[in-house]
Structures are given as structure tokens and as C-alpha cells.
Amino acid sequence: MTDLEISRAWLVDPAAGREGPGEIVVRGGVLDAVTWLSGAEAKGVGPDGVVVAPGFIDLHAHLREPGNEDAETVASGLAAAAHGGFTTVCAMPNTDPALDEPGVLARIRAAAVASGSPVELLAHGAVTAGRAGEQLAALGELADAGVVGFSDDGAPVKTGSILRAALAYAGALGLPIVDHAEDAGLTAGAEANDGVVATVLGLRGWPAAAEEAAVARDLAVLADVVRDVPGARLHLTHLSTAGALDFVRRAKAAGLPVSCDVTPHHLALTDEWVAGARRWAWEASGDPWSDQALVAGPYATALRVNPPLRSPADAAACMAALVDGTADAVATDHAPHTEVDKAVEFGQAANGISGIETALGLLLAAVDAGRLSLPRAIAALTTGPATVLGGRSRRAGSVGLVEGAPADLVVFDRAERWTVTADALASRGKNSPLVGMELPGRVMVTMAAGRMAYEAPDA
Ligand SMILES: [Zn+2]
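Residues numbered from 1 in each chain as written. Predicted model: local features only at pLDDT ≥ 70, side-chain atom pairs only at ≥ 80, totals over all residues. Heavy atoms only, no water.

**Points about the pairing of strand β11 (residues 234-237)**
Burial of the side chains of β11 extends over both faces: L234 and L236 are buried on one face and H235 and T237 on the other. Here strand β8 (residues 177-180) pairs with β11 via 4 bridges, running parallel. Each residue of the ladder has a partner; that of H180, found in β11, is T237. Relative to strand β12 (residues 258-262), β11 is paired through 3 bridges, and the arrangement is parallel. (Buried < 20%, exposed > 50% of the residue type's maximum accessible area, 1.4 Å probe, protein only. Helix = DSSP H or I, 4+ residues; strand = E, 2+ residues; numbered from the N terminus. Pairing = 2+ DSSP bridges.)

Structure follows, in C-alpha cells:
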């Protein structure tokens, strides 16, 4: 068990609704003291330096084990999480075999124990057997084994009738259905967001309507199910279009039990990057040719992701949804891939970005640009996802800087920048479009369950 003292830092505790100058002391792995400073003691301590926050929770990460350990293992994924400041990670069930029965969950839990990482591993179970979309998986057995939700992610829940049954069954078990909203009929052969960039590059368009139609279906089915099963809950993951987020905004206003997340890459990047621009979403115009904003080659396959990087207007809508609470959480959709799965032509490349280590940096870039407040960014990584999990984490009642609880926190320095390189990433997946770029906010220490999960070499 570990001791740690951080004096004169900026504490952010969304659970307490508080931020400000302070100090923390960890003794024997327990957060022994949280002291808020004021007056002369607080002088010179601001939010631009060392920040202490509760450990982050990722609702959506692909750890690739079992089945594709060349891309990631539970051990490398948890190491990557810790490097990104995350202390709780929800693994997605699209492994091989799929996590559609408790035996697979037992395997990845054993791998987490064997890794020695103190990062908490949670998992979603599959909605359907083999994620094939035909018959429900053994949801009751999976719930008994401890999954935190159900998802066929990688693909949407295939049909409305399966979704209806899944929402009802999972709802009775007190668990959410986590859907990847995509009308596959509208995305067959699609390569990049339908718009100027795809047209100029000759890539087949991926329409926003594919996501919006799926969200509309999901919400309509939810409204139907919830009349009979009040516990039914829907979580829409990695929403990326203005229209989809608007549907959720209205559904929430109408009282439907729906939540959603957005990803760091859909907040900070746009389809301009596929053309070769490297400016943030809030600096983008949507036409990098007329702005002469191209600084890299086109068709970089690290940018191929599902849903695709969208227009600047959609990215701005993701940010607005995060700011106004329509989006409950930021989830990374960490999707590591091997080099061989990306070293092909753009439309053939595997979908996904290795993103759990760069999530904080992208959000801090938005904070630096005045697009997002620091407390809101931290809340979207802590209390927001904790609420979606509904207490199904070992930190259930204490997702904050709580004295007397096992230390579960991240310390990062906003005054320091770091360069994303393949070597700097603990993930086996080096498929990040940010490789070669500098990001703000270096993680110095991540502690989980009172133990050191990550410590910067020079910290
Ligand atoms: Zn997905």
C-alpha cells in the first residue's frame, strides 16, 4: 500500500461539486486527508498547474482478449487505462469468443488478476448469442456473474424485436442495454462521413441518417417497453451527430430513461483530418482545401473509426451536448488494432482509434480553447459514467475525493505537454491519429484501490 502527498494543487471533485486549491495525503493506500486551502495558503495555486481528480471511469473500451491479443490484452489495456488516468474500465464484449456467457467473463477477470493491475475491470455482456443478433444471450446468468450492461457493440442490436426483448429482460435485471446506433442498411460500403471531404477524396459517404434512424428506432422501442417494464434503461454509446443528440435531448426532456456518451475523438477531431488537416474541431471550417489547412497526407487509416469522424458542426453538437448534460459521459471507445489491420486502403482498414491514453489530452485541449470547463470535463469522466453504472463499481458511493476511502485518483500537470509516440503508448494498439502530436496535460500518478497504477518515470 502506498503513501503519497500532493501539496498546493488544484483539486477537482465533481461528486462534492467543488474545485479549488488544496492538498491530499494518502497513507497506507487510504486517502487520509483532503484539505481545501484558502487565503494566503491558496495564493498562487491555480487550475493551470497540477490537478488532482478522482480516477476516471471508461464506459467503453475494447481490450481484445480473448481472441485478438496481438492488438491488446487485458494486462496491456489496463496499463494503458492507468496511463490515461482511468481507474475503472468497462470492457466491451465483442471478443472472440464473444462475452455471451459467464465463462468468458471469468477468463478476463482472471487475466486482470494475473496482470497485477489495481485498475478495476468491469464488463458488458453481449445482448445476443455470439453477437449474431438472432437470439438473446443468457442475460440472467451474465447478470448474476456481474456484467454491468449488455451490448452487441461493434454492431447495433440487430432488430427492433430483439431490442424490445432485451430492454425488457435487462430492465427486469436492473441493467441497461448499451447500443451502438447504426442502421446497417444505410452504411453498407460506407467509408467516411458523408460530406465535402468524402466527396473530394472519392470515399463512399457514411450518412448521419444511419445513426439518427437507429437512435429513433431505439427510443421508440424504449418508450414502448418502459410502459410495462419501468426499470428498462437504454444507453446510447459514441453518438456523433447533431441530429442523434437532439433526439436524445428531447427524449430526456420527455422523461425517457435514456443516457448517452460521446467520445474524445468526436469532440476534438473532424473528417477534415482524413483529408490531411490537423486542426481541432473548434478551429475547423469543414473545407480544409479552401483554407489551405492541409498539413499531412490524406487517407490515414488511423482515422477510420465507427461512427466516422464527422463535420465540424457535428463535433460542435457533441460538445454542446456534453456541456448541457445531454451527454452524460465521455467514453473513449478505445479500439486498439494491429498494424496489419490498418496497413490497407482506407475503406478496408479496421475501424477504431487507440484512445484511452489520449482522452484526457483531447478534453484538456478543449478546456484550453475555452470550449469546455475543467470541472465539466472531469465530471464527464467520473460522476457521469458512475451514474450510468448505477453503483456497479467497487467505488459505488465514493466517486470523489473521499477521506477514509481507498485512494482512487489521478494527478496530472496541465503545465506539461507530452508527445504521443508509439513508444509512449502502453497500449499494444499504436493506431492513434495523434502520434507525432503534442497534447496538454501529462498524467503524473494514477492510484486505484489504494495502489499505484501508474507513475510517470520522473514523477
Ligand atoms: Zn461501437
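**Things to note about the environment of V89**
Looking at where V89 falls in the secondary structure, it is placed in strand β6 (residues 86-91). Residues V89 and I356, spaced 267 residues apart in sequence, show a C-alpha to C-alpha distance of 9.8 Å. With residues near it in sequence (within four places) discarded, V89 still touches D58, A61, A81, V119, E120, L121, L122 and I356. (Contact = heavy atoms within 4.5 Å.)

**Details of the coordination of the zinc ion**
Protein coordination at the zinc ion: the donors are D153 (OD), H180 (ND1) and H238 (NE2), at 2.0 to 2.3 Å from the metal. Here the donor residues of the zinc ion share one chain and are spaced in sequence as D-x26-H-x57-H. Separated by 58 residues along the polypeptide, H180 in strand β8 and H238 in the loop between β11 and α8 (242-253) bring together distant segments of the chain. On the basis of relative accessible area, H180 is assigned to the buried category, the value being 2%. (Donors = N, O, S within 2.8 Å, 3.2 Å for Na, K, Ca; no water.)

**A closer look at the sheet that holds strand β14 (residues 409-419)**
Strand order in the open sheet formed by 7 strands is β3-β2-β1-β4-β14-β15-β16, with mixed pairing between adjacent strands. Strand pairing shows two members of the sheet lacking a second neighbour, β3 (30-36) and β16 (451-455), which therefore form its edges. Ignoring which end each strand starts from, the neighbouring axes of this sheet average 35 degrees apart. As paired elements, strand β2 (residues 18-27) and β3 share 6 bridges and run antiparallel to each other. Residue pairing across strands places V25 opposite A33, the latter belonging to β3. (Axes fitted to C-alpha atoms, helices over the stretch in contact; angles between N-to-C directions.)

**Concerning the packing of helix α12 (residues 359-368) against helix α13 (residues 374-381)**
One can describe the packing of α12 onto α13 by two numbers: an axis separation of 9 Å at closest approach and a directional angle of 155 degrees. Relative to α13, α12 is oriented roughly antiparallel. The handedness of the crossing between α12 and α13 comes out as right-handed. From α12, L363, L364 and V367 reach across to α13, where they touch L374, A377 and L381. Tallied by class, the residues present in the contact of α12 with α13 amount to 6 nonpolar, no polar and no charged. (Parallel < 35°, antiparallel > 145°, perpendicular 65-115°, else oblique. Left-handed = near helix turned anticlockwise from the far one by under 90°. Nonpolar A, V, L, I, M, F, W, Y, C, P; charged D, E, K, R; others polar.)

**A few points about the side chain of T73**
Here T73 is to be found in the loop between β5 (56-61) and α1 (74-83). Owing to a relative accessible area of 11%, T73 belongs among the buried residues under this scheme. In this view, T73 contacts L63, E65 and R428; residues no more than four positions away in its chain are not counted.

**Observations concerning the sheet that holds β12**
Here we have 4 strands laid out as an open sheet, ordered β8-β11-β12-β13, and parallel in their pairing. Looking at which strands have only one partner, the edges of the open sheet turn out to be β8 and β13 (329-330). Its contacts with the sheet place helix α7 (residues 208-226) against β8, β11 and β12, and it is angled at close to 170 degrees to β11.

**With respect to the packing of α7 against α8**
Remark: α7 packs on α8, axes separated minimally by 8 Å, with the N-to-C direction vectors making an angle of 20 degrees. In terms of orientation, α7 lies roughly parallel with respect to α8. As for the relative orientation of α7 and α8, their crossing is right-handed in sense. The residues of α8 that touch α7, namely those facing E211, E212, V215, A216 and L219, are G243, A244, F247, V248 and A251.

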